[in-house]
Amino acid sequence: MHPHPAQPTWAQPLPPAHKPGAIPLRPLGLGDILDGAFRLVRFNPGATVGASVLVAAVAMAIPLGVTAAMTFSGDSLEWFGATLEDPDYAPSSSEILSIVAAVGSLVLGTILQAIGAILVAGMISHVAHAAAIGRKLTLSQAWAATYGNRWRLIGLALLTTLVFVLVLGVAVTPVVVLAIVVDSPVPAILVGILMFLLLIAASLFLTVRLYLLSVPSLMLENTGVFGAIGRAWRLSARQFWRLFGIWLLATIIVGFVSQIVAFPISMVASVVGIVQPDLYFFATIAGSAVSTVVAAAIVAPFSGAVTNLQYLDQRIRKESYEVELMEQAGLLSR
């Protein structure tokens, strides 16, 4: 018998490696990715948290400003308080127009925030690459690094959104047809449950295989929209469960933390709305806006860092990319 039986492959420690920056330049374990993401955000706060908060704050300032102007400049939104006191109260046409404008401004702010978040994700790709080789990017440097790929990045987001919409349409169509053609609702309900489960599975599959690694591919390799999707497909081949597991864990972490932080904000907004019914709608919009900004400070930087480190990890595993990173860090001569 051997005095020291060999450990199984999965239990063997990862080999030592150079670590000029946030991550060791070798295939990354789960701990490396999570620790690297924290380090990346910590040492590049302006280009990660600062960029995300700036985008969210500017976008949410629109609905907050519109709602505040309507609330404190007249009685256009007082029907919320009147409705709480008198359920039969009917708002006037001017009040209805005001509420439509307020809700529309919230929708506009949400759309702008989503577009800004896409651009921030592109910035974080450059921040992660720089952090891997021991360099730090400021907010302005990270923004400048996205030059030439900004519209492509938005196009990538729109294309993937279109794909998800088409998948949703495929899932909903048979349910609607059955609901119209068949008198009994049972077949439509059963098919609806099945299509819902398939929709979740398809959405997760497409997220991991097509979108997750496409943003860093586009930003760091200048591949174009379809080239980035192709690169994401190749890099994620035979790595679905690893990529999915780490992505899911990061999503749970940031979701849990952001909910803990946002809960007191929502509670304060609710209390203000109850105590001052005339401020109900303003408090609701303000609570939503502040919660969005707080969530942006947590979700986008950490999630983006994890995703980009997964991208670097896959290139290291499949393309020995650590050699090029060492050259860029000055650890190896070209």
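Just so we're clear, the structure is a prediction, and the values are computed from it rather than from any experiment. (Residues numbered from 1 in each chain as written. Predicted model: local features only at pLDDT ≥ 70, side-chain atom pairs only at ≥ 80, totals over all residues. Heavy atoms only, no water.)

Explain the overall build of the chain to me, please; I cannot follow it from the model alone.
Looking only at helices and strands, the chain features twelve helices and zero strands. Going residue by residue from the N terminus, the α and β elements of the chain occur as α-α-α-α-α-α-α-α-α-α-α-α. Expressed as a percentage of its 334 residues, the buried residues of the chain come to 40%. Sequence separation of at least 24 residues holds for 74% of the intrachain contacts in the chain that already meet a minimum separation of 6. Within the structure as shown, the chain displays about 17,700 Å² of accessible surface, and the carbon and sulfur contribution to it stands at 71%. (Helix = DSSP H or I, 4+ residues; strand = E, 2+ residues; numbered from the N terminus. Buried < 20%, exposed > 50% of the residue type's maximum accessible area, 1.4 Å probe, protein only. Contact = heavy atoms within 4.5 Å. Areas by Shrake-Rupley, 256 points an atom, 1.4 Å probe, with all protein chains shown as cover.)

I tried to follow the pattern of salt bridges on my own but got confused; where do I start?
Side chains carrying opposite charge are able to pair once their charged atoms draw close together. As enumerated under the stated definition, the model contains eight salt bridges in all. Residue Arg-315 pairs with Glu-221 through a salt bridge whose shortest N-O separation is 3.8 Å. One end of the pair, Arg-315, is in helix H11 (residues 280-319); the other, Glu-221, is in helix H8 (residues 214-221), and 94 residues separate them in sequence. Given the relative accessible area of 11%, Arg-315 is considered buried. (Salt bridge = Lys/Arg side-chain N within 4 Å of Asp/Glu carboxyl O.)

What exactly am I supposed to notice about the UniProt feature "transmembrane region" (unreviewed entry) in the chain here?
Listed under "transmembrane region" (unreviewed entry) in the UniProt record, and renumbered for this structure, are residues 49-72, 99-132, 153-182, 188-212, 240-267 and 279-309. The span residues 99-132 is 100% helix and 0% strand, and its two end C-alpha atoms sit 48 Å from each other. The straight-line gap between the two end C-alpha atoms of residues 279-309 is 45 Å; of that span, 97% is helix and 0% is strand. (UniProt positions renumbered as here; feature names shortened; annotations may be inferred.)

Can you walk me through helix H7 (residues 186-211) in this structure?
Since the α-helix advances by 3.6 residues per turn, residues separated by three or four positions end up pointing in the same direction. Between the first and last C-alpha of H7 there are 36 Å, a value that for 26 residues agrees with the 38 Å anticipated at 1.5 Å per step. Those residues of H7 that sit buried are Ala-188, Met-195, Leu-199, Ser-203, Leu-206, Thr-207, Val-208 and Arg-209. Looking at the buried positions of H7, the neighbouring elements they touch are helix H6 (150-181), helix H9 (225-235) and helix H10 (240-275). (Expected span 1.5 Å × (residues − 1).)

Can you walk me through the nonpolar core in this structure?
One broad trend across soluble globular proteins is that nonpolar side chains are buried collectively. Of all hydrophobic cores here, the largest spans 43 residues; its most connected members are Ile-23, Leu-213, Phe-302, Val-306 and Leu-312. At the level of secondary structure, the elements contributing two or more residues to this core comprise helix H1 (30-43), helix H2 (46-72), helix H4 (93-132), H9, H10, H11 and helix H12 (321-329). The leading source of residues in this core is H4, at eight residues. Ignoring anything within four residues of it in the chain, the contact list for Leu-312 reads Ile-23, Ala-128, Ala-132 and Tyr-321. Within the second largest apolar cluster, twelve residues are counted, among which are Leu-119, Leu-156, Ala-157 and Ile-229. (Core = buried A, V, L, I, M, F, W, Y, C linked by side-chain atoms within 4.5 Å.)

What's the story with H1 in this structure? I'm lost.
With 14 residues, H1 extends 20 Å between its outermost C-alpha atoms, agreeing within 8% with the 20 Å of an ideal straight helix rising 1.5 Å per residue. Those residues of H1 not exposed but buried are Asp-32, Ile-33, Leu-34, Gly-36, Ala-37, Leu-40 and Val-41.

Got a minute to help me understand the environment of Pro-185 in this structure?
Structurally, Pro-185 is set in the loop between H6 and H7. Pro-185 gets classed as exposed once you look at its relative accessible area, which sits at 52%. As for Pro-185 and Val-175, which are separated by ten residues in sequence, their C-alpha atoms are 9.9 Å apart.

Just checking my understanding: could you explain the side chain of Glu-322 for this structure?
Topologically, Glu-322 is positioned in helix H12. Buried and unpaired, Glu-322 has no salt bridge, with Arg-315 as the nearest side chain of opposite charge at 9.3 Å. In contact with Glu-322, other than residues within four places in its own chain, are Leu-25, Arg-26 and Ile-316. (Lys, Arg positive; Asp, Glu negative; His and termini not counted.)

Looking at this model, I keep getting lost on a nonpolar patch on the surface. Mind explaining?
Where nonpolar side chains cluster on the molecular surface, the patch consists of Val-186, Ile-189, Leu-190, Ile-193, Phe-196, Leu-197 and Ile-200 and spans about 680 Å² of accessible area. Among the secondary structure elements, Ile-200 is positioned in helix H7. For Ile-200, a relative accessible area of 37% puts it in the partly exposed group. (Patch = residues over 30% accessible without salt bridge, like charges linked within 9 Å, V, L, I, M, F, W, Y side chains within 5 Å.)

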